[in-house]
Amino acid sequence: MAYDKFTVLTSTAVPLPTDNVDTDQIIPARFLKATEREGFGDNLFRDWRYDVEGNPKRDFVLNDPTYNGKILVSGRNFGSGSSREHAVWALYDYGFRCVVSSFFADIFKNNCLNIGVLPVTVSPGFADKLLDTITANPAATITVDIPSQKITLDSTGESESFDINEYKKDNIQHGFDDIDYLLNMSEEIDAFAADK
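- As recorded in an unreviewed UniProt entry, the protein goes by the name 3-isopropylmalate dehydratase small subunit, listed as coming from Algoriphagus antarcticus.
- Check the Function (unreviewed entry) section of the UniProt entry for the protein; it says "Catalyzes the isomerization between 2-isopropylmalate and 3-isopropylmalate, via the formation of 2-isopropylmaleate."

Printed below as a string of structure tokens:
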């Protein structure tokens, strides 16, 4: 399934200064029955966003209209726990295209890259700087530049480089998942097969 492509993303951001955010907190297991990718954003961080009666919790950041954007900045160890793709589906469906943390669980990171949410790993100090800045100034923007593999806090110009696999880097810039990548190469594949 194709997803939104981007090469450079400049956006305000949502601060989530919480360490050890596991996939069951991102999307609770009781919401995993659907097999389509749409609709999961409604239940992103469900137990943190809503009380047992379904009322929004005012103190949770996604319920605070002060903060919005396509970038989520979190504490250390984001996406630990089970390997459910649904966690990334929920982030994508809600509107996030990039998650920034000082550490990601490996399976979660790979799921992000397969679904079109860019996981950007930064140093703990830079993560804290981003969190402090966007918490104090919700209008502050962050620029994520995939070709140069750099993330910049626009108000100060401070930046860090981030790593990304070249194959996944190309896919994100074209909005391809693995199947789309192969379909895009169908002429080359047919030519190769005809030559054998």
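Now that the structure has been shown, we can carry on.
### Remarks on the sheet that holds strand β1 (residues 8-16)
- Spatially, β6-β5-β3-β1-β7-β8-β9 is the arrangement adopted by the seven strands of the open sheet, whose pairing is mixed. The open sheet has two edge strands with one neighbour each: β6 (118-121) and β9 (158-161). Ignoring strand direction, the axes of neighbouring strands in this sheet form an average angle of 25°.

### What about the pattern of salt bridges?
- Inspection of every chain in the model, using the stated rule, returns three salt bridges.
- Between Asp24 and Arg84 there is a salt bridge, and its shortest N-O distance comes to 3.0 Å. Remark: Arg84 occurs in the loop between β4 (78-80) and α3 (86-94) and Asp24 occurs in helix α1 (residues 23-26); sequence separation between them is 60 residues.
- Look at Asp24 and you get partly exposed, because its relative accessible area is 36%.

What counts as what
Residues numbered from 1 in each chain as written. Predicted model: local features only at pLDDT ≥ 70, side-chain atom pairs only at ≥ 80, totals over all residues. Heavy atoms only, no water. UniProt positions renumbered as here; feature names shortened; annotations may be inferred. Pairing = 2+ DSSP bridges. Helix = DSSP H or I, 4+ residues; strand = E, 2+ residues; numbered from the N terminus. Axes fitted to C-alpha atoms, helices over the stretch in contact; angles between N-to-C directions. Salt bridge = Lys/Arg side-chain N within 4 Å of Asp/Glu carboxyl O. Buried < 20%, exposed > 50% of the residue type's maximum accessible area, 1.4 Å probe, protein only.

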